[in-house]
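Each chain, letter by letter, is given below.
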Amino acid sequence: MSNLATPQLALARADQLDTADSLAASRDKFSLPDGVIYLDGNSLGALPKAVGARLHRAIHEEWGVGLIRSWNDADWYPAPQRVGAKIAALTGASAREVIACDSTTVNLFKVLCAAINAQAGRAERDVIVCEEGNFPTDGYIAESTAALYGKQVVFANQDTIEATIAGVGNKLCAVALTHVHYKTGRIYDMQRITALVQQHGGRMIWDLAHTAGVIPVALHAWNVDYAVGCGYKYLNGGPGAPAYVYVREDLIAQLEQPLVGWHGHAAPFSFEQHFRAHPSIDRMLVGTASQLSMISLEAALDVYADIDMQAVRAKSMSLTDFFIDCFDAQLADYGFGLASPREAHLRGSQVSFTHPQGYAIMQALIERGVIGDFRAPDILRFGFAPLYLSHRDVANAIAIAAEIMRSGSWREAKYAQKKAVT
Ligand SMILES: Cc1ncc(COP(=O)(O)O)c(C=O)c1O
């Protein structure tokens, strides 16, 4: 019998692993409901306790009393740069290279245009390579941007991407990939693929939606051209929090993107008739920020203030390894298939399993407080945010899943009814 085959054995092992957890104290910085094991921080991060008080102040004092004066007096106006600097610290960039703004999709549009504009005059470079099966928004915006500029998109999958890039050769304009796959959690080798793309004369764009806050990367040192990502996943900025965009410093001064607005102007408050781009990363801004969401994200990022990203990655690998081991020991007989890489270094901070009845099983789990999500057609997805999860949470989640499968309680008709958001 495996040493994780029963809930008691798994809990005993979990407690051993948790004793060595250097990040355990950060759990207390989050507000999580009792009776919930939250395995969806890869989709919507949990609420950091400090955010509530900060938003209360922003609403009642800065907005309610300060009114419009708060753009200056409460330092609202430079918040996109301050938030960008905090995200830069988590992604191996300099504060001058990252700014918080808009949504990931909109930022992808801006950097795709920037990459295409940077190749202007080289008409033969008309191919943008993207990943088939990536999160849909990335493919949608790439195809629409390519059409605007008379370029074509070539799709490849994670196994064929490098050969495809090499095959496109000197027709390569840009490559846009998501570092950690949203369904499977499989990771690309960011440094190697960036170098390969640049060898072929293309520009490299990374979507860090499932990376920032859980996997240390070195955007600047690895010579990444552009990157984008979400503020509401592992960065815990709250529903619809602003996204961010990174541009390597040497590319900023020449960067051209068509979503020009007054916040990207060199002198926004001179109200000039014609657009002049700001010399800095500010040229990626368009219009007024969603200020309350920006403030929420800024406060949320403080949970990372003293955190070592290598320790976050080590704990993430340990939690996901432990989840898979417990799953194998207690849930092997119920028709699940592992959809994520088994080797931790190839996997982001999530584990996905396939099951033909995955939707109903996930609903039964959620009703019992184990919150993950479902991605069509058959993926049960579990995200592991190392700042607020323990190995004990993992062992308890597996025990609940094993009970649902053993009893067959997931077969109740109510669990099969599809909700709008899965
Ligand atoms: C890889 C990836 N890119 C982008 C997004 C979302 O983009 P947006 O913030 O524009 O909704 C997601 C959302 O889950 C995602 O997984």
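A.B. asks: Mind showing me how you'd approach the overall build of the chain here?
C.D. replies: Check the secondary structure of the chain and you find 13 helices and 15 strands. Since a compact globule built from 422 residues should have a radius of gyration of about 22 Å, the 22 Å found for the chain is in line with a globular shape. Of all 422 residues assigned to the chain, the portion counted as buried reaches 46%.

A.B. asks: Teacher, can you tell me more about the site of the ligand here?
C.D. replies: By nearness alone, every residue bordering the ligand is listed as Ser103, Thr104, Thr105, Phe135, Thr137, Asp138, Thr178, Tyr182, Asp207, Ala209, Cys230 and Ala243. Contributing elements (two or more residues each) for the shell around the ligand: helix H5 (104–118) and helix H6 (136–148). In terms of residue class, the shell around the ligand is made up of 5 nonpolar, 5 polar and 2 charged.

A.B. asks: What's the story with the sheet that holds strand E4 (residues 98–100) in this structure? I'm lost.
C.D. replies: Strand pairing in a sheet relies on backbone hydrogen bonds. The paired strands run either parallel or antiparallel. Taken in spatial order, the 7 strands make up an open sheet running E4-E10-E9-E8-E7-E5-E6, and their pairing is mixed. Either end of the sheet is taken by a strand with one partner, and the two such strands are E4 and strand E6 (152–156). Going from strand to strand, the sheet's axes swing by 20° on average, the running direction of each strand aside. Where strand E9 (residues 226–229) and strand E10 (residues 244–247) come together, 4 bridges link them in antiparallel fashion. Opposite Gly229, over in E10, you have Tyr244 as the bridge partner. Across the face of the sheet, helix H4 (residues 79–91) comes into contact with E4 and E10 while running at roughly 130° to E4.

A.B. asks: What should I look at first to understand the domain arrangement of the chain in this one?
C.D. replies: What the domain assignment lists for the chain is domain 1 (7–23 + 308–416) and domain 2 (52–304). One C-alpha centre belongs to domain 1, the other to domain 2, and the line joining them spans 31 Å. Contacts between the two partners involve 21 residues from domain 1, matched on the other side by 14 residues from domain 2. Elements with a contribution of two residues or more to the side of domain 1 that touches domain 2: helix H11 (309–331), strand E12 (350–354) and strand E15 (379–383). No other element matches the 5 residues that H11 contributes to the side of domain 1 that touches domain 2. Within the side of domain 1 that touches domain 2, the residues separate by chemical class into 10 nonpolar, 7 polar and 4 charged.

A.B. asks: Honestly, the pairing of strand E5 (residues 127–131) in this entry has me stumped. Any pointers?
C.D. replies: Every other side chain in a regular strand lies on the same face of the sheet, so the side chains alternate between the two faces. Of all 5 residues in E5, 5 are buried; the element is thus mostly enclosed. The side-chain alternation of E5 yields two buried faces, one formed by Val127, Val129 and Glu131 and the other by Ile128 and Cys130. The pairing of E5 with E6 spans 5 bridges and is classified as parallel. Note that in E6 the partner of Cys130 across the bridge is Phe155.

A.B. asks: Any chance you could explain the environment of Ala142 here in plain terms?
C.D. replies: Its place among the elements puts Ala142 in helix H6. Taking the C-alpha atoms as reference points, Ala142 and Arg192, 50 residues apart in sequence, are found 22 Å from one another. Those residues within four positions of Ala142 in sequence are excluded, and the remaining contacts are Leu112, Ile128, Cys130, Val153 and Ala176.

A.B. asks: Even after reading the chapter, I still don't get the sheet that holds strand E11 (residues 337–338), so can you show me in this structure?
C.D. replies: What the 4 strands build is an open sheet, ordered E11-E12-E15-E14; its pairing is antiparallel. Because the sheet does not close on itself, it has two edges, and the strands there are E11 and strand E14 (373–375). Strand direction decides the pairing type here: E14 and E15, joined by 3 bridges, are antiparallel. Its bridge partner being in E15, Asp373 is matched across the sheet by Arg381.

A.B. asks: Got a minute to help me understand unusual backbone geometry in this structure?
C.D. replies: What you tend to see is this: most non-glycine residues have negative phi, and most peptide bonds are trans. Residue Pro377 is reached from Ala376 by a cis peptide bond, and omega for that bond is 5°. On the secondary structure map, Pro377 appears in the loop between E14 and E15. A positive phi angle, near 50°, is found at Asp102, a position not held by glycine. Mapped onto the secondary structure, Asp102 falls in the loop between E4 and H5.

A.B. asks: Teacher, can you tell me more about the packing of H5 against H6 here?
C.D. replies: The relative placement of two packed helices comes down to the angle between their axes together with the axis-to-axis distance. Packing of H5 against H6 leaves a shortest axis separation of 10 Å and a crossing angle of 40°. Between H5 and H6, the interaxial angle falls into the category oblique. Helix-helix and strand crossings are classified by hand; for H5 and H6 the assignment is right-handed. On H6, the residues touching Thr105, Leu108, Phe109, Leu112 and Cys113 of H5 are Thr137, Asp138, Ile141, Ala142 and Thr145. Its residues assigned to classes, the contact of H5 with H6 shows 6 nonpolar, 3 polar and 1 charged.

Criteria and thresholds
- Residues numbered from 1 in each chain as written.
- Predicted model: local features only at pLDDT ≥ 70, side-chain atom pairs only at ≥ 80, totals over all residues.
- Helix = DSSP H or I, 4+ residues; strand = E, 2+ residues; numbered from the N terminus.
- Rg over C-alpha atoms; globule rule 2.2 N^0.38 Å.
- Buried ≥ 20, exposed ≤ 12 C-beta atoms within 10 Å, placed from the backbone.
- Near = placed C-beta within 6 Å.
- Nonpolar A, V, L, I, M, F, W, Y, C, P; charged D, E, K, R; others polar.
- Pairing = 2+ DSSP bridges.
- Axes fitted to C-alpha atoms, helices over the stretch in contact; angles between N-to-C directions.
- Contact = placed C-beta atoms within 7 Å.
- Domains from an automatic or database assignment.
- Parallel < 35°, antiparallel > 145°, perpendicular 65-115°, else oblique.
- Left-handed = near helix turned anticlockwise from the far one by under 90°.

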